[in-house]
Amino acid sequence: MLARILAGMGKIVHGAETHLPIRFNQNENYGRVIHMPEICRFYGIIVRIYLIDREHPPRHIHIKYGEYEALMELTNLNIIEGNIPKKCRQLVREWAELHQDELIEMWDKQSFHPIQPLE
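Residues numbered from 1 in each chain as written. Predicted model: local features only at pLDDT ≥ 70, side-chain atom pairs only at ≥ 80, totals over all residues. Heavy atoms only, no water.

Draft legend 1. Summary view of the packing of aromatic side chains. Tallying each qualifying case throughout the model produces 2 aromatic pairs. Seen in terms of ring centroids, F42 and Y43 are 6.1 Å apart; in terms of plane orientation they differ by 85°. Their pairing is edge-to-face. On the basis of relative accessibility, which here comes to 4%, the residue F42 falls in the buried class. An aromatic cluster is present here, built from F42, Y43 and W95 joined pairwise through their rings. (Phe/Tyr/Trp six-rings, centres within 6.5 Å; stacked < 30°, edge-to-face > 60°. Buried < 20%, exposed > 50% of the residue type's maximum accessible area, 1.4 Å probe, protein only.)

Draft legend 2. Region of the structure containing helix α2 (residues 86-109). The largest bend in α2 comes to about 75°, at H99. The set of residues buried in α2 consists of C88, L91, V92, W95, A96, H99, Q100, L103, I104, M106 and W107. One or two steps after α2, the chain reaches Q110, where phi turns positive at roughly 55°. (Bend = angle between axes of the 7 residues up to and from the residue. Helix = DSSP H or I, 4+ residues; strand = E, 2+ residues; numbered from the N terminus.)

Draft legend 3. Seen up close, the pairing of strand β5 (residues 60-65). Where strand β4 (residues 45-48) lies against β5, 4 bridges are found, and the strand directions are antiparallel. Residue pairing in the sheet places R48 in a bridge with H62 of β5. Alignment of β5 against strand β6 (residues 68-73), held across 6 bridges, turns out to be antiparallel. The residue of β6 that forms the bridge with H60 is E73. Between β5 and the antiparallel strand that follows it, β6, lie 2 residues; G66 among them carries a positive phi value of about 60°. (Pairing = 2+ DSSP bridges.)

Draft legend 4. Spotlight on the environment of L91. Tracing the chain through its elements places L91 in helix α2. Along the primary structure L91 and Y43 are separated by 48 residues, whereas in three dimensions their C-alpha atoms are 8.9 Å apart. Leave out the neighbours within four places in its chain, and L91 touches F42, Y43, I45 and L118. (Contact = heavy atoms within 4.5 Å.)

The structure is reproduced here in C-alpha cells:
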C-alpha cells in the first residue's frame, strides 16, 4: 500500500472501501518532502495524517481551517499544537470521537482511507 501511495504522489488515489478519493498534499519539512493523505473534509475543515517517515508521537491528526492549523492528539482528542476556532475544535472533536478507533488504527498501520465527514 505504501508503494502505491508514494507512486501516486500528488495524485488522487481512490480508497478501496469507500471509493472516495484520498488527496495527498506535499509539504517541505526540514528539506524532505512529506506526504499527507487527506482523510476527511467537512465544513471547510481539512483533516490529514502524515505518512510516518519522520512523524513524531503522540498519535495525532493535522487540522486546517482557513488560516488556522492545529494538531489533535488521538488518545484524548486535545489540541496539542496550534490554534483553531472553538467551533471548529468542537466539530473536529465530535467527528474524531465517532472515528477514534479507526483513526488510531490508521495511524498505527499506516493504511489510509477516507472517513465519512460530519453531516
